[in-house]
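# Residue-level structural notes
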Amino acid sequence: MAKVLVLYYSSYGHMSQLADAVAEGARAAGAEVDVLRVPETAPAEVAAAAGFKSDHTHPVIDSVEKLADYDAIVVGSPTRFGRMSSQMASFLDQAGGLWFRGALNGKVGAAFTSTATQHGGQETTLFSIITNLLHFGMTVVGLDYGYQAQMSNDAVNGGTPYGASTIANGDGSRQPTEVELGGARYQGKRVAETAAKLFG
């Protein structure tokens, strides 16, 4: 059984919803899954003024060293100016020791994200995460076109071949659609299946 970590940062809850969907897909493929979030680094008064979500359902990861305990790591971050959030970047920047030891070499990695708008930098954010995963020596799994729902032009939806995604609106009012959550489930399943083949 593959052991999968879904690790994310969320300000308003959109990434938390996608993380749960990724985990659901991975579990459906037989994986053991943990869902954890990285610590908030914004000052409390800034987070409160911006309306950041405070009633989180997932615990905070206690150490970057924990990454080495998993066969696969799926990293989720909202977009901040076309790249991953500073909270996620700060956490991953602590992984130099894991990189030096090659502790993540050959493990499976994947990325998911959210943006305020359809063209708000989803793909560049996913690549900012994927860049880290490749430097860690990981095998990257995207959201392949086996998930046909991402090909529809009937409505505006997230979803790219590089990873699952959602669109939140600038005020966070838009919630993930079933197409977007389905993409996250599909990607989670693919990650778990790949990890099982490599480590099962």
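- In the annotation of an unreviewed UniProt entry, the protein is listed under the name NAD(P)H dehydrogenase (quinone) and assigned to Sphingomonas spermidinifaciens.
- The record in UniProt for the protein states the following under Sequence similarities (unreviewed entry): "Belongs to the WrbA family."

## Looking at the layout of surface pockets
- Taken as a whole, the largest pocket encloses approximately 350 Å³ of empty space.
- For the largest pocket, the lining is made up of 17 residues, of which Gln118, Gln150, Asn157, Gly158 and Gly159 are closest to its centre.
- Here the residues of the lining of the largest pocket are counted per class, giving six nonpolar, ten polar and one charged.
- Put simply, the second largest pocket is a space of about 290 Å³.
- For the second largest pocket, the lining is made up of 20 residues, of which Tyr12, Thr79, Arg80, Thr115 and Ala116 are closest to its centre.
- Put simply, the parts of the chain that give the lining of the second largest pocket at least two residues each are α1 (14–28), β3 (72–80) and β5 (108–115).
- Tallying contributions element by element places β3 first for the lining of the second largest pocket, with three residues.
- Partitioning the lining of the second largest pocket into residue classes produces six nonpolar, twelve polar and two charged.

## Quick look at the packing of aromatic side chains
- A full pass over the atoms with the stated rule returns three aromatic pairs.
- Relative to Tyr162, the ring of Phe127 lies with its centre 4.6 Å away and its plane at 50 degrees, an arrangement referred to as tilted. Pair noted here: Phe127 is in helix α5 (residues 122–135) and Tyr162 is in the loop between β6 (139–140) and β7 (164–167), with a separation of 35 residues, a long-range link.

## Description of the environment of Val60
- Checked against the element boundaries, Val60 lands in the loop between α2 (44–50) and β3.
- If we skip the residues at most four places from it in the chain, Val60 touches Arg37, Val38 and Pro39.

Conventions used here
Residues numbered from 1 in each chain as written. Predicted model: local features only at pLDDT ≥ 70, side-chain atom pairs only at ≥ 80, totals over all residues. Heavy atoms only, no water. UniProt positions renumbered as here; feature names shortened; annotations may be inferred. 1 Å grid on protein atoms, 1.4 Å probe; cavity = no way out; pocket = protein on both sides within 12 Å on 5 of 7 lines; lining within 4 Å. Points joined across faces, edges and corners; volume = space filled by probe spheres on them. Nonpolar A, V, L, I, M, F, W, Y, C, P; charged D, E, K, R; others polar. Helix = DSSP H or I, 4+ residues; strand = E, 2+ residues; numbered from the N terminus. Phe/Tyr/Trp six-rings, centres within 6.5 Å; stacked < 30°, edge-to-face > 60°. Contact = heavy atoms within 4.5 Å.

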